[in-house]
Amino acid sequence: MENITAYIEQHKDRFLEELMDLLRVPSISADPKYKDDVLKTSEIVKTRLLEAGVDHAEICETQGYPIVYAEKMIDPSLPTVLVYGHYDVQPADPLELWTSGPFEPVIKKTDLHPEGAIFARGSCDDKGQMYMHVKAFELMMNTDTLPCNVKFMIEGEEEVGSESLEGFVKENREKLASDVILISDTGILANDIPSITTGLRGLSYVEVEVTGPNRDLHSGLYGGAVANPINILTQMIASLQDEQNRITIPGFYDNVEVLSTEERAEMAKAPFSLDAYKTALDLSDVHGEEGYTTMERNSIRPTLDVNGIWGGYTGEGAKTVIASKAYAKISMRLVPGQDPDKITKLFCDHFKNIAPKSVKIKITPHHGGMPYVSPTDDYGYKAASMAMEDSFGKKPVPVRSGGSIPIVALFEQELKIKSILLGFGLDSDAIHSPDEHYGIFNYFKGIETIPRFYKHFTDLKK
Ligand code: BES
Ligand code: MN
Ligand code: MN
């Protein structure tokens, strides 16, 4: 295993520069303005895979952004690892809150990253983590240590719901046949507390529009006599949670998988400091569903959150007006037992039900996704655990994450393959936020751990 760290040491600077180059292209999938950049990024990923030594790489066109597919088949009798990642990134705004340009990557030191971290949109989610796989593959090729077959499937629509990938997976079952899917798009608890993500929450996402009068009105002439859609919307939203911070939508908790006392006790063993958590976020107190810990609230319990709310006058000074319309974007994170389509329907029915006659309601559902839980007693998890232990000198703890990667449940459903979520980011890396960054330590730890996963997985499978 010495050759791994020696190879990384020797190529460190180039590994960093190549990632920085990738981060300079603003591959924002949500905004059509960046279409050429998203396409350009897919080409770069393909080229880098070819340079790293794959036999074959292609750009698979879809209705949306292309999927980069590549493979290196050394022996059909050996296991095959399918790597999934995404080359698209979230929009960078609000731009004014970045301390350096979102697409001008720079290395800066932080408290949690004393060795430095790369600041740029996509550095952690997911270009930096995806690129670890390309470099780990290069390393195995150049040190003659690739122990099994590899396939790469890198998409450009993860941040907007992976719509095209869904069709691609259904139409390419044979091509994607493999023994395990390996993904680095999640995190670890801390740089000295390795962990493996064993669950992801699902998602249901809706946009609501509340209409009162047919035009904006003078709030003096009409105020008090007609429904103000902003007042109504905020009252309706407030009623979606009760005093125990439980969601009030009838049927919302039906079938929610309940963890046993033993499972909860096991979960509680994962290191977590509530004080550090509050301090990091400048909070005097946390908030959430009664009867559950913070770790449980953000992993095994479902949520409902307003992601954005707008309407009326928000400009300078005071304008006295009753707006005609008010809007909100609402996400519900789901856990095993909950189906996104059913939850969306329950939300729509309930929201229309509680609306007073004085307003009209329009609801537009957005992309959603199923939750995912992975086993901890199969070869994939064991190999990941051994690989992390080799690299960190500590056995990783299994942790269920609150985030969502909806396509993972679909992989299981369509391909019947389990995914291993071997991520290396930190929750504090500010993914989706201004000043997103990825630790240099984390980047190289990933490149070091991935070849070890391949080795252990292949050995276990023999
Ligand atoms: N990589 C994240 C998800 C993630 C991050 C899971 C950290 C666990 C730990 C992914 O790119 C993402 O942002 N997913 C979205 C859902 C998607 C449908 C836009 C999310 O979780 O909001
Ligand atoms: Mn991601
Ligand atoms: Mn993301």
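### Examining the sheet that holds strand β18 (residues 437-439)
(1) Moving on: With antiparallel pairing, 3 strands are arranged side by side in an open sheet as β4-β5-β18. Only two strands of the sheet have a single neighbouring strand rather than two, namely β4 (106-108) and β18. Each strand of the sheet is rotated relative to its neighbour by a mean of 30 degrees, with strand direction disregarded.
(2) Moving on: Where β4 meets strand β5 (residues 117-119), 3 bridges bridge the pair, whose relative direction is antiparallel. Among the inter-strand pairings, V106 is bridged to a residue of β5, identified as F119.
(3) Moving on: Across the face of the sheet, helix α12 (residues 440-461) comes into contact with β4, β5 and β18 while running at roughly 60 degrees to β18.

### A word on the site of ligand 1
(1) Moving on: The environment of ligand 1 is formed by 16 residues, the closest being E158, D185, R333, S404 and H432.
(2) Moving on: Taking H86, its side chain carries an N or O atom lying 3.3 Å from an oxygen atom of ligand 1.
(3) Moving on: Between E159 and ligand 1, the recorded distance is 3.1 Å, taken from a side-chain N or O atom to an oxygen atom.
(4) Moving on: Out of a free accessible area of 520 Å², ligand 1 has 88% covered by protein chains.
(5) Moving on: The residue makeup of the shell around ligand 1, split by class, is 4 nonpolar, 7 polar and 5 charged.

### Quick notes on the environment of A177
(1) Moving on: Relative to the elements of secondary structure, A177 occurs in the loop between α4 (163-171) and β7 (180-183).
(2) Moving on: Given the relative accessible area of 40%, A177 is considered partly exposed.
(3) Moving on: For A177 and E296, which are 119 residues apart along the polypeptide, the C-alpha to C-alpha distance reads 35 Å.
(4) Moving on: Once you skip the residues sitting within four places of it in the chain, A177 turns out to touch T80 and K151.

Conventions and cut-offs
Residues numbered from 1 in each chain as written. Chains lettered and ligands numbered in written order. Predicted model: local features only at pLDDT ≥ 70, side-chain atom pairs only at ≥ 80, totals over all residues. Heavy atoms only, no water. Pairing = 2+ DSSP bridges. Helix = DSSP H or I, 4+ residues; strand = E, 2+ residues; numbered from the N terminus. Axes fitted to C-alpha atoms, helices over the stretch in contact; angles between N-to-C directions. Contact = heavy atoms within 4.5 Å. Near = heavy atom within 4 Å. Polar contact = N/O pair within 3.5 Å; in protein donor to acceptor, adjacent residues only side chain to side chain. Areas by Shrake-Rupley, 256 points an atom, 1.4 Å probe, with all protein chains shown as cover. Nonpolar A, V, L, I, M, F, W, Y, C, P; charged D, E, K, R; others polar. Buried < 20%, exposed > 50% of the residue type's maximum accessible area, 1.4 Å probe, protein only.

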